[in-house]
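# Reading the structure
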Amino acid sequence: MDWPIAEVARMSGVTARTLRHYDETGLLPPARIGANGHRYYEEHQLLQLQQILVLRALGVGLPEIGRILSEQVDAVDALRGHHQRLLAERDRLDALAGTVSRTIAELEQSRKDGNPMTINRPENLFEGVTPSQYEANMRDFPELAEEVGRRAVAMSQADADTAHRERTAQMIRLAELMAAGHPADADPVQAETDAQYRALTELRAVCAEDYRAIGRAIVDNETWRAAYEAIAPGLAAYQRDAIEAYATTRLT
């Protein structure tokens with residue numbers, strides 16, 4: 001039995017665009033291509049897709065996933081390894097949930113006291129969040145995710161930590177602008193958005209529609225949205241609106 005690409009996309013939650021990218025890069029070729037040009041997948045490919053998605057959820061980059069799959073490790077042994085990683089991920093998510101809970105409590109207390117929103121000890125905001133999470137959350141933008149993965153493999157831990165701190169600082173600066181009452185299309189907000197866009201284009205060209213799609217994903221992707229909301233309620237939507245304004249005024 002086999003399934004067409006549209007059905008596999010529906011079952012797995014992976015876009016057909018991503019599945020085509022996996023085929024084009026050799027990561028997950030379909031079982032066959034029909035006379036109509038459509039890709040079809042059998043049980044073996046579905047099991048491989050499960051491995052890919054588990055590893056992506058754990059923050060493993062596409063080049064490393066390709067290496068793992070090419071080694072043809074026994075399926076049961078591979079699943080045991082994935083299971084151990086998932087248990088570790090569960091512990092990380094527990095830590096992240098605790099971080100968000102503490103942030104909520106601090107913000108609620110600030111409101112009760114009638115004080116303006118402040119961000120104290122920002123290094124604590126991202127306990128449980130790793131830089132690889134940003135790549136994992138770009139799975140609907142496979143070309144960018146692949147480039148991020150290649151860069152991540154070459155990074156030292158010190159470089160990764162520095163990049164993570166800078167990304168955290170960008171989000172905090174955006175939260176401070178939001179708290180100060182600046183609309184999403186205000187000049188200082190657009191300056192921050194421009195810096196973010198330029199960082200992306202250092203990896204790969206990003207058109208206006210792709211940048212808009214990334215902005216929407218910040219709200220639609222649960223994990224990504226939680227990272228923003230851990231800093232300030234409404235920050236994810238604020239970032240999305242800032243990206244939409246930037247794409248409209250500067251990229252079109």
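Residues numbered from 1 in each chain as written. Predicted model: local features only at pLDDT ≥ 70, side-chain atom pairs only at ≥ 80, totals over all residues. Heavy atoms only, no water.

### Some thoughts on the overall build of the protein
Of regular secondary structure, the protein possesses twelve helices and three strands. Residue burial in the protein is summarised as follows: out of 252 residues, 42% are buried. Of the contacts formed within the protein by residues at least 6 apart in sequence, a portion of 69% connects residues at least 24 apart. When the accessible surface of the protein is totalled, it reaches about 13,500 Å², and 52% of it is carbon and sulfur. (Helix = DSSP H or I, 4+ residues; strand = E, 2+ residues; numbered from the N terminus. Buried < 20%, exposed > 50% of the residue type's maximum accessible area, 1.4 Å probe, protein only. Contact = heavy atoms within 4.5 Å. Areas by Shrake-Rupley, 256 points an atom, 1.4 Å probe, with all protein chains shown as cover.)

### Quick word on the environment of R67
For R67, the location among the structural elements is in helix α4 (residues 62-70). In this structure the C-alpha to C-alpha distance between R67 and L27, which are 40 residues apart in sequence, comes to 9.2 Å.

### Some details on the packing of helix α10 (residues 208-220) against helix α11 (residues 222-229)
Helix-helix packing is characterised by the crossing angle of the two axes and by the distance between the axes. As a packed pair, α10 and α11 sit with axes 5 Å apart at the nearest point and diverge in direction by 80 degrees. The angle between the axes of α10 and α11 places the two elements in the roughly perpendicular class. Seen from α10, the contacting residues are I214, A217, I218, V219 and D220; seen from α11, they are E222, W224, R225 and Y228. Taken together, the residues that form the contact of α10 with α11 break down as six nonpolar, no polar and three charged. (Axes fitted to C-alpha atoms, helices over the stretch in contact; angles between N-to-C directions. Parallel < 35°, antiparallel > 145°, perpendicular 65-115°, else oblique. Nonpolar A, V, L, I, M, F, W, Y, C, P; charged D, E, K, R; others polar.)

### Regarding the sheet that holds strand β1 (residues 3-4)
Strands sit in the order β1-β3-β2 across an open sheet of three strands; the sheet is antiparallel. The open sheet has two edge strands with one neighbour each: β1 and β2 (32-33). (Pairing = 2+ DSSP bridges.)

### Looking at the side chain of Q45
Here Q45 lies in helix α3 (residues 43-57). Classification of Q45 by relative accessible area gives buried; the value is 10%. Of the polar contacts made by the side chain of Q45, one reaches the backbone nitrogen of E42; its length is 3.0 Å. If we ignore the near neighbours within four places in the chain, the residues touching Q45 are L28, P29, P30 and A31. (Polar contact = N/O pair within 3.5 Å; in protein donor to acceptor, adjacent residues only side chain to side chain.)

### Observations concerning the nonpolar core
Membership of the largest hydrophobic core comes to 28 residues, with the highest contact counts inside it found for V189, Y211, Y228, I231, L235 and Y238. Those elements that place two or more of their residues in this core are α8 (157-179), α9 (187-201), α10, α11 and α12 (235-250). Judged by nonpolar contacts, the second largest core, of 18 residues, contains A9, L19, L27 and I68. (Core = buried A, V, L, I, M, F, W, Y, C linked by side-chain atoms within 4.5 Å.)

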